[in-house]
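Chains, contacts and geometry: an overview
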Amino acid sequence: MPSHARIIRVARYRPQPGATEDLRAALHALARELRELSGVFGAQVCRIDEHPDWLALVSRWADEQSMQATGGPGIEELVDRVAGQAQEQQIEHFIAE
């Protein structure tokens, strides 16, 4: 595995009304599962200083193949749980050059 992440994925979520804590809990559970995957350098839940009503899940990946290989049933359930708590989401990928 390379010594540094090649892809950084930032997924931002605005919670459904009244669902902030449920979304936060779901994101933390998802981050814990992601950290166990091969090719992941880390995953963490963050507040967005400029948009305090949003949360973000930042994950760092060895490569595109590692990032795409996250389709296990446990992770899919957590992704669905996050999506159910979010009113809106925005996802960006940053590729190291």
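Structure: see above.
Let me begin by describing the structure that accompanies this report. Residue indices follow the written sequence of each chain, beginning from 1 at its first position. At least 70 in pLDDT is required for a residue's local features to be given in this predicted model, at least 80 for side-chain atom pairs to be given and counted, and no such filter applies to totals for whole chains, interfaces and linings, which use all residues. Side-chain metrics rest on all non-hydrogen atoms present in the structure, leaving aside hydrogens and water.

1. Overview of the nonpolar core
- What is meant by a nonpolar core is a set of buried Ala, Val, Leu, Ile, Met, Phe, Trp, Tyr and Cys residues, joined one to another through side-chain atoms within 4.5 Å. To sort residues, take the accessible area from a 1.4 Å probe on protein chains only and compare it with the maximum for the residue type: under 20% means buried, over 50% means exposed, and anything in between is partly exposed. Ranked by internal contacts, the top residues of the largest apolar core, which has 21 residues, are Tyr-13, Leu-27, Leu-30, Leu-34, Leu-57 and Val-82.
- The set of elements that each furnish at least two residues to this core consists of β1 (7-15), α1 (20-35), β2 (40-47), β3 (55-61) and α3 (73-85).
- Helical segments are the DSSP runs of H or I of at least four residues, strand segments are the runs of E of at least two, and each set is numbered from the N terminus. For this core, the element with the most residues is α1, which contributes seven residues.
- Should any heavy atoms of two residues lie within 4.5 Å, those residues are considered in contact. Excluding residues that lie within four positions of it along the chain, Tyr-13 makes contacts with Leu-23, Leu-27, Asp-53, Trp-54, Leu-55, Leu-57, Val-82, Ala-86, Glu-88 and Gln-89.

2. As for the side chain of Ser-59
- Mapped onto the secondary structure, Ser-59 falls in strand β3.
- Its relative accessible area of 1% is what places Ser-59 among the buried residues.
- Setting aside residues up to four positions removed in sequence, Ser-59 forms contacts with Ile-7, Ile-8, Arg-9, Gly-42 and Ala-43.

3. Remarks on the pairing of β1
- Criterion used throughout: strands pair if DSSP finds at least two bridges between them. The pairing of β1 with β3 spans seven bridges and is classified as antiparallel. Within β3, the position partnered with Ile-8 by the bridge is Arg-60.
- In this sheet, strand β4 (residues 86-95) lies alongside β1 in antiparallel orientation, the contact comprising nine bridges. Following the sheet pairing, Ile-8 is matched in β4 by Phe-94.

4. As for the packing of α1 against α3
- Convention adopted: a line fitted to C-alpha atoms gives each axis, helices being fitted over their contacting stretch, and angles between N-to-C directions are expressed from 0 to 180 degrees. Two elements in contact, α1 and α3, have axes separated by 9 Å at closest approach and are oriented at 155°. Comparing the axis directions of α1 and α3 gives the class roughly antiparallel. For the crossing formed where α1 meets α3, the hand is left-handed. When α1 is examined against α3, the residues Asp-22, Leu-23, Ala-25, Ala-26, Leu-27, Ala-29, Leu-30, Glu-33 and Leu-34 are found in contact with a partner set consisting of Ile-75, Leu-78, Val-79, Arg-81, Val-82 and Gln-85.
- Charged residues are taken to be Asp, Glu, Lys and Arg, nonpolar residues to be Ala, Val, Leu, Ile, Met, Phe, Trp, Tyr, Cys and Pro, and polar residues to be all remaining types, Gly included. Of the residues contributing to the contact of α1 with α3, the split by class is 11 nonpolar, one polar and three charged. Orientation is classified from the angle alone, with under 35 degrees giving roughly parallel, over 145 giving roughly antiparallel, 65 to 115 giving roughly perpendicular, and any other angle giving oblique. The sense of a crossing depends on the near helix, which, turned anticlockwise from the far helix by less than a right angle, makes the crossing left-handed and, turned clockwise, makes it right-handed.

5. Observations concerning the sheet that holds β4
- Read from one edge of the open sheet, four strands run β2-β3-β1-β4, paired in antiparallel fashion. Each of the sheet's edge strands pairs with one partner strand only, and the pair in question is β2 and β4. Direction aside, neighbouring strands of the sheet carry axes that sit 15° apart on average.
- Most of the contacts of α1 go to β2, to which it runs at about 170°, and overall it touches β1, β2 and β3.

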